[in-house]
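# Structural features, examined
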Amino acid sequence: MPSPSPPSSSRRRWVRSGGLLLASAWWRSAAAQGAALQPGGRPLPDLGGAVAWLQSEPLSARQLRGQVVLVQFWTFTCVNWLRTLPYIQAWSRKYRAQGLVVLGIHTPEFGFEESLANVRRASGQLGIEFPVAVDSQRQVWQAFGNRAWPALYLVDAAGRIRWQHDGEGQYAATERMLQQLLGEAGAAGVPTDLVQVQGRGAQAPADWASLKTPEIYLRALPAERVAAAQALVAGRRQSYRRPPQTPDNHWSLSGDWTVTSEAARAEHGGAQLTCRFHARDVNLVMGCPAAGAAVNFTVRINGRPPGAAHGVDTDSEGRGTASSQRLYALLRQPGAIAFSDIEITFDRPGVEVYALTFG
């Protein structure tokens, strides 16, 4: 990506003391130990690095002074962020009359997420109502010193950041702190109950008990958890063979693909992507870069159609269509979960696959 100081290499991980930790698990535990507003805090950083604004005229830290602000960094293909969205939307609606401002900072991970048109389209499809600062050059990310998607900041009426939370979870604690900040700001009639939301599709909470497979990037540099009869070749078309067995939590390609530092592109009809995973849900970030293009695909789990285990972007026969670049929900398995093989076959060339995510 064209940034001299890009964000974290993974939406679910960040660097801490030289090691990579899973935000979805570690941060929930850490936040539970210290989920409380801080008495001071650093000032809300500058927002002037945004290249565009959606649902609002450009806002500045100075303009927001006097209001309680919830700031959240997101990117539209991030499943971890998608699972927080029902809460963010509900809080925005519930506390708007008491003066809460919800502000989304869209900082891209993949190249196609830098496109203003793509951010606008995704915001509309997701029904986002609050202001969005489009941070395609990652200037706001850098001003905050941010390190993860999603990341949430609570800012008091004096313009000070009073709490920061990376990752999912801690919804009740966050809402209680919102109520406290609104009370401190002198808002009248602040509700004392908590929102009750029900995320659907990819926005439904993960099944943490069965989730044993981490997010997998489908790229050549650096390659991770790839199982192949031959090494990935970066930047040019290559024919790949699926190995006889795919190890747990690994992926493989079959057929002709071009694999780059960001994605893998199918180069002929019948090209396949396979992964051995342990999770209730399987999602795939993919799409066709050409405007108006579409590629049909078929999903199999352990060699069979998914039936009742299909996701919102597939039917019971495993059929789906990839068009715009976004996250596609392929599987949601009912019942007991075990290690399984998912196989996605594309009927035409042109689709690009970026990452497998699980829930």
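Below: a short report on this structure. Every value quoted in this text rests on a predicted model; they were computed, and no experiment measured them.

This brings us to the nonpolar core. Grouped together as the largest cluster of nonpolar side chains are 65 residues, with contacts concentrated most on L70, V71, F73, W91, F144 and L154. Here this core gets six residues from one element, more than from any other, and that element is helix α4 (residues 85-95). When neighbours within four sequence positions are excluded, V71 is seen to be in contact with L44, L103, I105, F144, A151, L152, Y153 and V155. L218, L232, W257 and A279 belong to the second largest nonpolar core, which has 37 residues in total.

Contact pair α4 / helix α7 (residues 171-184): the axes reach a minimum separation of 12 Å and the direction vectors enclose 25°. The pairing of α4 with α7 is recorded here as roughly parallel in orientation. Helix-helix and strand crossings are classified by hand; for α4 and α7 the assignment is right-handed. Taking contact as the criterion, the partners of Y87, W91, K94 and Y95 in α4 are, on α7, Y171, T174, E175, L178, Q179 and L182. Classifying every residue of the contact of α4 with α7 gives six nonpolar, two polar and two charged.

Our focus in this paragraph is the pattern of salt bridges. Applying the stated criterion across every chain yields a total of 20 salt bridges. R242 serves as the salt-bridge partner of E343, at 2.7 Å between the closest nitrogen and oxygen. Of this pair, E343 sits in strand β18 (residues 340-346) while R242 sits in the loop between β10 (237-240) and β11 (251-259); the two residues are 101 residues apart in sequence, bridging distant segments of the chain. Given a relative accessible area of 34%, R242 falls into the partly exposed group. Salt bridges here are not isolated pairs; linked through shared partners, they connect R93, R96 and E129.

All right, on to the sheet that holds strand β8 (residues 161-166) then. Read across the sheet, six strands follow the order β3-β6-β5-β4-β7-β8 without closing on themselves; strand pairing throughout is mixed. Looking at the sheet topology across the chains shown, the edges are occupied by β3 (52-54) and β8. Geometrically, the sheet is characterised by an average inter-axis angle of 20° between neighbouring strands, direction not taken into account. As paired elements, β3 and strand β6 (residues 132-134) share three bridges and run antiparallel to each other. Each bridged residue has a counterpart across the sheet, and for A52 the counterpart in β6 is V134.

So, how was this worked out
- Sequence order as written defines the numbering, with residues in each chain counted from 1.
- Note on the predicted model: pLDDT of at least 70 is required for a residue's local features to be given, and 80 or more for side-chain atom pairs to be given and counted; whole-chain, interface and lining totals, by contrast, use all residues.
- The side-chain quantities take in all heavy atoms of the structure and omit both hydrogens and water.
- Among buried residues, those of type Ala, Val, Leu, Ile, Met, Phe, Trp, Tyr and Cys that are joined through side-chain atoms within 4.5 Å constitute a nonpolar core.
- For every residue, the accessible area (1.4 Å probe, protein chains only) is compared with the maximum for its type, and the residue is labelled buried under 20%, exposed over 50%, or partly exposed between those bounds.
- Helix numbering and strand numbering both begin at the N terminus, where a helix is a DSSP run of H or I of at least 4 residues and a strand a DSSP run of E of at least 2.
- Whether two residues touch is decided by their heavy atoms; if any such pair falls within 4.5 Å, the residues are in contact.
- Axis definition: a line fitted to C-alpha atoms, limited for helices to the stretch in contact. Angles are taken between N-to-C directions and run from 0 to 180 degrees.
- Comment on the angle field: the value is read as roughly parallel under 35 degrees, roughly antiparallel over 145, roughly perpendicular from 65 to 115, and oblique elsewhere.
- By definition, any crossing whose near helix is turned counterclockwise from its far helix by less than a right angle is left-handed, and any crossing with a clockwise turn is right-handed.
- Asp, Glu, Lys and Arg are counted as charged, while Ala, Val, Leu, Ile, Met, Phe, Trp, Tyr, Cys and Pro are counted as nonpolar; the rest, among them Gly, fall into the polar class.
- When a carboxyl oxygen of Asp or Glu is within 4 Å of a side-chain nitrogen of Lys or Arg, the pair counts as a salt bridge.
- A pair of strands is labelled paired if DSSP reports no fewer than 2 bridges between them.

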